[in-house]
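Geometric and topological summary
Next come the chains, spelled out residue by residue.
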Amino acid sequence: MKTFDIQTVIRANVKAMKPYSSARDEYISDGSKMVFLDANENPYENGVNRYPDPLQRNLKVVLAEQKNLAENQILLGNGSDEVLDLLFRAFCEPKQDNIITLPPTYGMYTVLSNLNEIEERKVGLDANFQPDVDAILSATDKNSKMLFICSPNNPTGNLMAAQKVKQLLNNFNGLVVIDEAYIDFADQESWISELENYPNLVVTQTLSKAYGLAGIRLGLCFASADIISVLNKIKPPYNVNALTQQKALERIQNVNAVRDEVHSILEERTLLIQALETIPFVNEILPTEANFVLARVDDATKRYNALIAKGIVIRNRTTQPGCENCLRFTVGTPEENKKLIEMLQLISKS
């Protein structure tokens, strides 16, 4: 790939700033019994009267072992959205730089570009919902700081072709951010395994999907130690609370339970696809490597409203590029999926 120097993409003010040093940054416990009078906390123990570890060390020890990474290659955030926002704030100069997105894709990239006053250049996926490498590279200039690739993609569910992604990693001069929120449902290895080969690669994941922890808001970021150090420099000192750290640690160590749930969801996904193939108003079912299925129907708005009336909430994606008259069905429990199919069969008669 082209030579990549992280210093060329860091915002000047971020380079110059000194990070805030919290009490828990300055003293790191070695497990000894200590009297903590350093952080102006309420001294009366109730389980959460102390500030949380600002670097989530216990959690990172386990994640590093599971992901085969060093702890300094991991950043944790208050959901993936905070992780993405930190990337914008660290590497994109407002009113000057731009990012590249590949619609249809996750909508928060647009929200964050607007919030941070960063130009968003949209290069649509091709007819097979794959990146158009030549068009993407043609849309870039010296101020193109980040390229966002969602794989498996939301809302389409497909993986991005590895060869196309490698072409982009080799030729895009900024950061290539691969959003892997749904990777645990896919039949493909995470791009984390390529971090050593591509210094401009950033991989984001979440505990909201396969791990079933959407309510605790924990996003994961994996990159070179140099990139992570920049993000740690600007993140809020206590961005991941103690309860989130505790619950996340319990869950990621319960590997068998997570594996069993993912297996069940994949089995139900197969059954859901088979059932959708029998519904008269379903015209096309798109390939998926996620925990949802995107289907093209005769009239998405009509069918969406009909399901709402029957007590079932899905997602109408008809306004997204290339997704005209498409509905997105999240894979539920066997009972939920059975009810969905029954209601689809019922409304197909109307």
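First, a word on what this report is: a plain description of the structure on this page.

About the cut-offs
- Residues numbered from 1 in each chain as written.
- Predicted model: local features only at pLDDT ≥ 70, side-chain atom pairs only at ≥ 80, totals over all residues.
- Heavy atoms only, no water.
- Pairing = 2+ DSSP bridges.
- Helix = DSSP H or I, 4+ residues; strand = E, 2+ residues; numbered from the N terminus.
- Axes fitted to C-alpha atoms, helices over the stretch in contact; angles between N-to-C directions.
- Parallel < 35°, antiparallel > 145°, perpendicular 65-115°, else oblique.
- Left-handed = near helix turned anticlockwise from the far one by under 90°.
- Contact = heavy atoms within 4.5 Å.
- Nonpolar A, V, L, I, M, F, W, Y, C, P; charged D, E, K, R; others polar.
- Buried < 20%, exposed > 50% of the residue type's maximum accessible area, 1.4 Å probe, protein only.

Focus: the sheet that holds strand E4 (residues 144–150)
Each strand in a sheet pairs with its neighbour through backbone hydrogen bonds, running either in the same direction (parallel) or in the opposite one (antiparallel). With respect to topology, 7 strands assemble into an open sheet ordered E1-E7-E6-E5-E4-E2-E3, the strand pairing being mixed. Of all the strands in the sheet, the pair left with one neighbour each is strand E1 (74–77) and strand E3 (119–122). For this sheet, the mean angle separating the axes of adjacent strands, direction not counted, is 25°. The pairing of strand E5 (residues 175–179) with strand E6 (residues 201–206) spans 4 bridges and is classified as parallel. When the sheet's bridge partners are listed, aspartate 179 is paired in E6 with threonine 204.

Side note on the packing of helix H11 (residues 300–309) against helix H12 (residues 334–347)
Where H11 meets H12, the closest approach of the two axes is 10 Å, and the angle between their N-to-C directions is 120°. Taken as axis vectors, H11 and H12 run oblique relative to one another. In this structure, H11 crosses over H12, and the sense of that crossing is right-handed. Each of Arg303, Ala306 and Leu307 in H11 lies in contact with H12, whose residues at this interface are Leu340, Met343, Leu344 and Ile347. Of the residues assigned to the contact of H11 with H12, the class counts are 6 nonpolar, no polar and 1 charged.

Thoughts on the environment of valine 176
With respect to the helices and strands, the residue valine 176 is situated in strand E5. Residues within four places of valine 176 in sequence aside, it is in contact with Leu147, Ile149, Leu168, Leu169, Asn200, Leu201 and Val202.

Overview of unusual backbone geometry
A cis geometry characterises the amide bond from proline 103 onward to proline 104, with omega recorded as 5°. Here the residue pair serine 151 and proline 152 is connected by a cis peptide bond, since its omega of 0° sits within 30 degrees of zero. Structurally, proline 152 can be placed in the loop between E4 and helix H7 (162–171). We note that glutamine 56 has phi near 50°; this positive angle belongs to a residue other than glycine. By the secondary structure assignment, glutamine 56 is in the loop between helix H2 (23–26) and helix H3 (57–67). Exposure remark for glutamine 56: the relative accessible area of 1% places this residue in the buried category. We note that lysine 95 has phi near 65°; this positive angle belongs to a residue other than glycine. Structurally, lysine 95 is set in the loop between helix H4 (79–91) and strand E2 (98–101). When its relative accessible area of 71% is taken as the criterion, lysine 95 is described as exposed.

Some remarks on the side chain of threonine 288
Within the secondary structure, threonine 288 is located in the loop between strand E8 (282–285) and strand E9 (292–297). Judged by its relative accessible area of 11%, threonine 288 is buried. Setting aside chain neighbours within four positions, we find threonine 288 in contact with Gly157, Arg269, Ile273 and Val293.

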